[in-house]
Amino acid sequence: MHHRRLFTLVSGWLLACLLLASGPLQAQTPESQQTANATLAELLENPETRQQLIDQLRAQADTAAPQAAGAVNEPSLPRRLAEATSHVAGDLGNQFSRLVDTLGRLFGGGLADGTFDMAAFTSATINLGLVILATFALFVAIRRLARSLFTRLSQWSLNGPGLQPLLRLVLSVGLAALIDVLVVTLAYVGGNLVATFAVGESGDLTTRASLFLNAFLVIELLKAAVRMLFASRYEGLRLLPISAADASYWNRWIARLIGLAGYGLMVVVPLVNAYLSPTLGAAVGNLIMLGAFAYAVTVVLRNRQRLRDALNHKARQTTMTASRVSLQLFARTWHLFALAYFSMVLVLTLTRPEDALPFVLLATLQTLVAVLVGMLVSSFLTQTIGRRIRLGDDLRRKLPLLEPRLNRYVPSALRAIRAVILIAVIMVVLSAWGAFDLAGWYASEAGRGLVSKLINVFVILVVAATVWLGLASLIEHKLNPETGSGVPTARAQTLLALFRNALAIVLITLTAMIVLAEIGINIGPLIAGAGVLGLAIGFGAQKLVQDIITGVFIQVENAMNTGDVITVGGITGTAERLSIRSVGIRDLSGTYHIVPFSSVDTVSNYMRDFAYHVGEYGIAYREDIDEAIQALRDAFDDLSADEEQNINLLEPLEVAGVIALADSSVNIRVRIKTTPGNQWAVGRAYNRLVKLRFDAAGIEIPFPHTTLYFGADKEGAAPPANLRVMQQNFTIDGSPAGQPRQHGDPVDDRFAPADTSSPTEVHNQDDEG
């Protein structure tokens, strides 16, 4: 059922091609055409009849003019199709009737002139056979001698050093093709010598031999071109990336098809025309083409699924979406195109062999060359710049972002170039088949203008990409601590990062404007509209403008940089991100704040040039101040001895002295000059050492005190104060808690009432009770 549907489809294609090619057909036989020419010559020789003919033609012209002027409706499409079908059917019927008549007269012994020399025919056939045998023998012998050259070229193409693999393949195939052409030429020359001096009359090249030798030259050159694509024996000389088995199959099939059609039409048909009958020759030619068509259709239908799977596999490997979709669509419909092509060739050969067949052959050759060149150029670009770009170790160390940037830009450019190649191939193919006049289009002003604009746009994009890569790489070089001027400052990092972003915006804007102007779009209104829009945005977004202006001055004044600890807008933290409009701050608890510059009145930066750790340490009133200051200096000496903290100390310890006599302590202030950003770490380390030194020296760091005053009498003596001090596990009289004191138990004098003549100081420690 499936094959029946395919047969119906092929028949439909054949009928369509017949209808398309049937316009200029003439259904007149050679005999009727000869009679009509003789009658017309007799009419023109007689002056009276010639004048009558002129008068009749003028009268018909005067009558046809109004009809042509008034006719507005052309024949309908069904009518034209019916007339074309009738024309084709009539022509085929006339050819068949002439063929039957010719065969009848041939087998009946009566040809057109009645003379058929069987002996001469047999001799001519033998001589032609000897020429054919000698020519093919020379061809096989010379090609066998050249086999070693083909083998060496194949090995060099596969394993040769130096050149890129695709270049080696193209050069090897080109040299092999030259050798193949030389082999065919030598065999052709040898065949001519044999036909001229060894066969028949010496020094005379017969028409029969000339026909064969010319056909041999053309057909073997075509086969040599096919061997460039499907070199089955030499893998290094095969342009198409297919296996040896597939190459052998397609090479054998195409060679058979070319040989059958070529030798049949170029040798057999002319000989039949010359020795038997033109009608019989035309019939033989039609039979040969029908056989070639049937053979081609059989091969196409047999390999439909096989080639479809191969194309789908190739589509899955491609990275370009357009190419993948095109290959998948072609995989489903390739057999339809092949059947249509062979059907068209058959119809043109049957109906218009004089002018249509050479056109089809030339268009086919141009199509194959265009597709092959497009594939080779695309493959060369893929193997050259389509692979992942690997820079040298030194360049990658200096510019670590250049390699990823190139590997991101180059594939996109390669896809665009492939799209241009595909469009160019399609245009060449359409021009080859007459559907598009490529040369005329390019010669026109519109064609030249479009090509010029495309080239200019390509150059603009390449220049813009090059400028961006150069400037971005320069900024990257300045920011890299291993190159440039060492570790860049925070200000340099911030300004260079902002400059890189601004550069990207400026380049994109300028490139877009230049490209639009190049392709013919008037950017004047666009610029004016952008100005008006910017003015409107400026009035409606004053806060945004204020953010940007304040941000510009903050960056110019180097008020803050990324990584600085700052206080902005009442928020203290590390500046993680700086833009032209705002600053992002991460505070101590990890909260991320975005502060617009328009709300910034003051910037407090804790990381400029140097910093101080300012410490205030309180000691008890009874302690020696000089001893405490010495302990503070000793703690600083311990801090200086620490290798981790020593690098952060810029100057010796500054002791300001006693700054306050507080309620419970005497406060001493010291100051340590540190590198910016390390004042907090130095302060924490110094506080630890101060505590250790105070503890070692017995210097009390006081806790809160309360002084009770009991007054004084007129003599200035203080009244006694009755004290009860509760201690754990004992009562006021010294007996254990929970047990009543027995009569006669001694009383601990430590807990007896005391007479004091001075104010009593009671220390209350909240933690100890």
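Relevant structure appears above.
Residues numbered from 1 in each chain as written. Predicted model: local features only at pLDDT ≥ 70, side-chain atom pairs only at ≥ 80, totals over all residues. Heavy atoms only, no water.

Colleague: What is the right way to read the pairing of strand 2 (residues 571-578) from this model?
Modeller: Residues in a regular strand point their side chains to alternate faces of the sheet. For strand 1 (residues 565-568) and strand 2, the ladder comprises four bridges, and the chain directions are antiparallel. Opposite Ile 566, over in strand 2, you have Gly 573 as the bridge partner. Remark: two residues form the turn of the hairpin made by strand 1 and strand 2, two consecutive strands paired antiparallel; Gly 569 in that turn has positive phi of roughly 60°. In terms of strand pairing, strand 2 meets strand 3 (residues 582-586) through four bridges, oriented antiparallel. From the neighbouring strand, Thr 574 faces strand 3, where its bridge partner is Arg 586. What sits between strand 2 and strand 3 in their antiparallel hairpin is a turn of three residues. (Pairing = 2+ DSSP bridges. Helix = DSSP H or I, 4+ residues; strand = E, 2+ residues; numbered from the N terminus.)

Colleague: How do you make sense of the pattern of salt bridges when you look at a structure like this?
Modeller: A side chain of one charge can pair with a side chain of the opposite charge when the charged atoms of the two come close. Inspection of every chain in the model, using the stated rule, returns 13 salt bridges. A salt bridge links Arg 669 to Glu 616; its shortest N-O distance comes to 2.7 Å. Here Arg 669, found in strand 8 (residues 666-674), pairs with Glu 616, found in strand 6 (residues 611-619); they are 53 residues apart in sequence, far enough to count as distant. Of the residues examined, Arg 669 reaches a relative accessible area of 33% and is grouped as partly exposed. For Asp 638, the salt bridge is made with Arg 693, and the minimal N-O distance between the two is 2.9 Å. (Salt bridge = Lys/Arg side-chain N within 4 Å of Asp/Glu carboxyl O. Buried < 20%, exposed > 50% of the residue type's maximum accessible area, 1.4 Å probe, protein only.)

Colleague: Teacher, can you tell me more about the sheet that holds strand 1 here?
Modeller: Pairing between the strands of a sheet comes from backbone hydrogen bonds, and it takes one of two forms, parallel or antiparallel. Reading across from one edge, 4-3-2-1-5 is the order of the five strands in this open sheet, with antiparallel pairing throughout. Since the sheet does not close on itself, it has two edges, and those belong to strand 4 (592-596) and strand 5 (603-605), each with one partner. Across this sheet, the average inter-strand angle for adjacent strands is 45°, counted without regard to direction. Taken together, the five bridges between strand 3 and strand 4 define a ladder with antiparallel strand orientation. From the neighbouring strand, Arg 586 faces strand 4, where its bridge partner is Tyr 592. (Axes fitted to C-alpha atoms, helices over the stretch in contact; angles between N-to-C directions.)

Colleague: Please explain the packing of helix 21 (residues 625-641) against helix 23 (residues 679-697) as it appears in this structure.
Modeller: Pairs of packed helices are described in terms of their axes, by the angle between the two and the distance that separates them. Look at helix 21 against helix 23: their axes get within 8 Å of each other, and the N-to-C directions meet at 130°. The angle between helix 21 and helix 23 falls in the class oblique. Crossing geometry of helix 21 relative to helix 23 is assigned as right-handed. Two secondary-structure elements touch here, helix 21 through Glu 627, Ala 628, Ala 631, Leu 632, Asp 634, Ala 635, Phe 636, Asp 638 and Leu 639 and helix 23 through Val 682, Ala 685, Tyr 686, Leu 689, Val 690, Arg 693, Phe 694 and Ala 697. Looking at the contact of helix 21 with helix 23 residue by residue, the class counts come to 13 nonpolar, no polar and four charged. (Parallel < 35°, antiparallel > 145°, perpendicular 65-115°, else oblique. Left-handed = near helix turned anticlockwise from the far one by under 90°. Contact = heavy atoms within 4.5 Å. Nonpolar A, V, L, I, M, F, W, Y, C, P; charged D, E, K, R; others polar.)

Colleague: Would you explain the sheet that holds strand 7 (residues 654-661) in this entry?
Modeller: Judged by pairing direction, the sheet is antiparallel, and its three strands sit side by side in the order 6-8-7 without closing on themselves. Only two strands of the sheet have a single neighbouring strand rather than two, namely strand 6 and strand 7. Between one strand axis and the next, the sheet turns through 25° on average, direction left out of account. Taken strand by strand, helix 21 contacts strand 6, strand 7 and strand 8, and its axis lies near 25° from that of strand 8. Running over the sheet, helix 23 touches strand 6 and strand 8 and is turned about 25° from strand 6.

Colleague: Could you clarify how one ought to interpret the packing of helix 15 (residues 402-432) against helix 17 (residues 445-479) in this entry?
Modeller: Where helix 15 contacts helix 17, the axes come no closer than 11 Å and their chain directions differ by 160°. Overall, the two elements helix 15 and helix 17 adopt an arrangement that is roughly antiparallel. Note that helix 15 runs across helix 17; the crossing there is right-handed. Taking contact as the criterion, the partners of Leu 402, Arg 405, Leu 406 and Tyr 409 in helix 15 are, on helix 17, Trp 468, Leu 469, Ala 472, Ser 473 and Glu 476.

Colleague: Where do I start with the environment of Asp 638 in this structure?
Modeller: Among the structural elements, Asp 638 can be located in helix 21. Along the backbone, Asp 638 and Ala 685 are 47 residues apart, and their C-alpha atoms lie at a distance of 9.9 Å. Residues contacting Asp 638, with those up to four places away along its chain left out, are Leu 689 and Arg 693. Only 2.9 Å separates the side chain of Asp 638 from the side chain of Arg 693, close enough to count as a polar contact. (Polar contact = N/O pair within 3.5 Å; in protein donor to acceptor, adjacent residues only side chain to side chain.)

Colleague: Mind showing me how you'd approach the side chain of Ser 343 here?
Modeller: Secondary-structure assignment places Ser 343 in helix 12 (residues 321-351). Of the polar contacts made by the side chain of Ser 343, one reaches the backbone oxygen of Leu 339; its length is 2.7 Å.

Colleague: Teacher, can you tell me more about helix 21 here?
Modeller: Residues spaced three or four apart along an α-helix point in a common direction, a consequence of the helix completing one turn every 3.6 residues. Between the first and last C-alpha of helix 21 there are 25 Å, a value that for 17 residues agrees with the 24 Å anticipated at 1.5 Å per step. All of the buried residues along helix 21 are Ala 628, Ile 629, Ala 631, Leu 632, Ala 635, Phe 636 and Leu 639. When helix 21 is viewed along its axis, its buried side chains cluster within an angular range of 155° and face the same direction. Exposed and oriented more than 90 degrees from the buried face of helix 21 are Asp 626 and Ala 641. Where helix 21 starts, the residue carrying a side-chain oxygen 3.0 Å from the main-chain nitrogen of Asp 626 turns out to be Asp 624. (Expected span 1.5 Å × (residues − 1). Arc of directions from axis to C-beta.)

Colleague: Explain the nonpolar core to me, please; I cannot follow it from the model alone.
Modeller: Buried together is how nonpolar side chains tend to be arranged in soluble globular proteins. Grouped together as the largest cluster of nonpolar side chains are 58 residues, with contacts concentrated most on Phe 212, Phe 230, Trp 253 and Phe 342. Contributions of two or more residues to this core are made by helix 5 (118-145), helix 6 (147-159), helix 7 (165-198), helix 8 (207-229), helix 9 (244-275), helix 10 (278-302), helix 12 and helix 13 (356-385). Ranked by residue count, the leading element in this core is helix 9, at eleven residues. Among all residues touching Phe 342, those that are not within four sequence positions of it are Trp 253, Leu 257, Phe 293, Ala 296 and Val 300. Listed in part, the 22 residues of the second largest apolar core include Ile 629, Phe 636, Leu 653 and Val 666. (Core = buried A, V, L, I, M, F, W, Y, C linked by side-chain atoms within 4.5 Å.)

Colleague: Honestly, the packing of aromatic side chains in this entry has me stumped. Any pointers?
Modeller: Aromatic rings considered in pairs are described by the distance between their centres and by the relative angle of their planes. The full count for this structure, using the stated rule, is 16 aromatic pairs. Judged by centre distance (5.8 Å) and plane angle (85°), the rings of Phe 139 and Phe 216 are edge-to-face. Highlighted residues: Phe 139 in helix 5 and Phe 216 in helix 8, separated in sequence by 77 residues. Under the relative-accessibility criterion, Phe 216 is labelled buried at 0%. Measuring from ring centre to ring centre gives 5.9 Å for Tyr 606 and Trp 680, while their planes differ by 65°; the resulting arrangement is edge-to-face. Placement of the pair is Tyr 606 in the loop between strand 5 and strand 6 and Trp 680 in helix 23, with a sequence separation of 74 residues. With a relative accessible area of 37%, Trp 680 lands in the partly exposed category. Site record: aromatic cluster; members linked through ring pairs are Tyr 249, Trp 250, Trp 253, Tyr 295, Tyr 341 and Phe 342. A cation over an aromatic ring shows up here: Lys 673 above the ring of Phe 610, its NZ or CZ 4.2 Å from the ring centre. (Phe/Tyr/Trp six-rings, centres within 6.5 Å; stacked < 30°, edge-to-face > 60°. Lys NZ or Arg CZ within 6 Å of the ring centre and 35° of its normal.)

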